[in-house]
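One letter stands for each residue in the lines below.
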Amino acid sequence: MTEHIEKIQALVSRFSKETTDALDKITTVKQVRKGEILLQQNEICRKSFLIIKGVARKFFFSDKKEITTEFFFQDDIALSFKSYLYQKPSKEVIECLTDVTIETVDYTSFETVKKDFPQLMEYDILLTELYTIWLEDRLFDFHTMSARERYESLLKKSPEYFHHLKLTHIASYLGVSLETLSRIRARI
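All of the points below concern the structure found in this document. What you are looking at is a predicted structure, and each value in this text was computed from that prediction instead of being measured.

So, about the pattern of salt bridges. Counted by the stated rule, this structure contains 12 salt bridges. Of the charged contacts in the structure, one is a salt bridge between R33 and D99, with a shortest N-O distance of 3.7 Å. Of this pair, R33 sits in the loop between β1 (27-32) and β2 (37-39) while D99 sits in the loop between β7 (93-96) and β8 (100-106), and the two are 66 residues apart along the sequence. R33 sits in the exposed class, given a relative accessible area of 55%.

This paragraph deals with the nonpolar core. Among soluble globular proteins, nonpolar side chains are generally buried collectively. Of all hydrophobic cores here, the largest spans 29 residues; its most connected members are L23, L38, I51, I94, I102, F110 and Y123. For this core, the element with the highest residue contribution is helix α5 (residues 118-144), accounting for four residues. By size, the runner-up hydrophobic cluster in this structure holds 17 residues, among which are V55, Y161, F162 and A171.

Through backbone hydrogen bonds, the strands of a sheet pair up, either in parallel or in antiparallel fashion. Read from one edge of the open sheet, four strands run β1-β8-β3-β6, paired in antiparallel fashion. At either end of the open sheet lies a strand with only one pairing partner, and these are β1 and β6 (77-78). Sheet topology note: the strand β3 (residues 47-53)/β6 ladder contains two bridges and is antiparallel. Each bridged residue has a counterpart across the sheet, and for F49 the counterpart in β6 is A78.

Conventions we followed
Residues numbered from 1 in each chain as written. Predicted model: local features only at pLDDT ≥ 70, side-chain atom pairs only at ≥ 80, totals over all residues. Heavy atoms only, no water. Salt bridge = Lys/Arg side-chain N within 4 Å of Asp/Glu carboxyl O. Helix = DSSP H or I, 4+ residues; strand = E, 2+ residues; numbered from the N terminus. Buried < 20%, exposed > 50% of the residue type's maximum accessible area, 1.4 Å probe, protein only. Core = buried A, V, L, I, M, F, W, Y, C linked by side-chain atoms within 4.5 Å. Pairing = 2+ DSSP bridges.

Structure below.
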């Protein structure tokens, strides 16, 4: 179990029944099919998506090319952070790479309910902190690890879903060409 899941579970275990009930009331479980889009470019990110099962990716378009910035696996929260926080149009797209089971929470509902339940404010802050740590780690890894090390790290993150990732998406995520990715894979 990863450290961030343990932190979230520890906090949630301290929630009052009323807080848990309030969060449950605004949470919806959905099944989404492979290829469906959870967030379109220029759409406002009005929901957060907790991945229960499956894999999704976040990407944007640059010079008509797709640039993959994130893969979302089990227990990851998929959203366009800036769009969600500011309720402004997203520059990114979130796409399901497999059939996905997600828990969704509406932004407006969460903002309303957290005013009445301070533990949800603590939850919101923890999720923001964890995302910031993930982002810092990603930047650190990008500058200190070789492409091969980043590839191996991605492979370890969720090996059961790795075969669902297209090589073009992996190469884009790693910041390498397909040819370089092929050489990395041949050496492993």
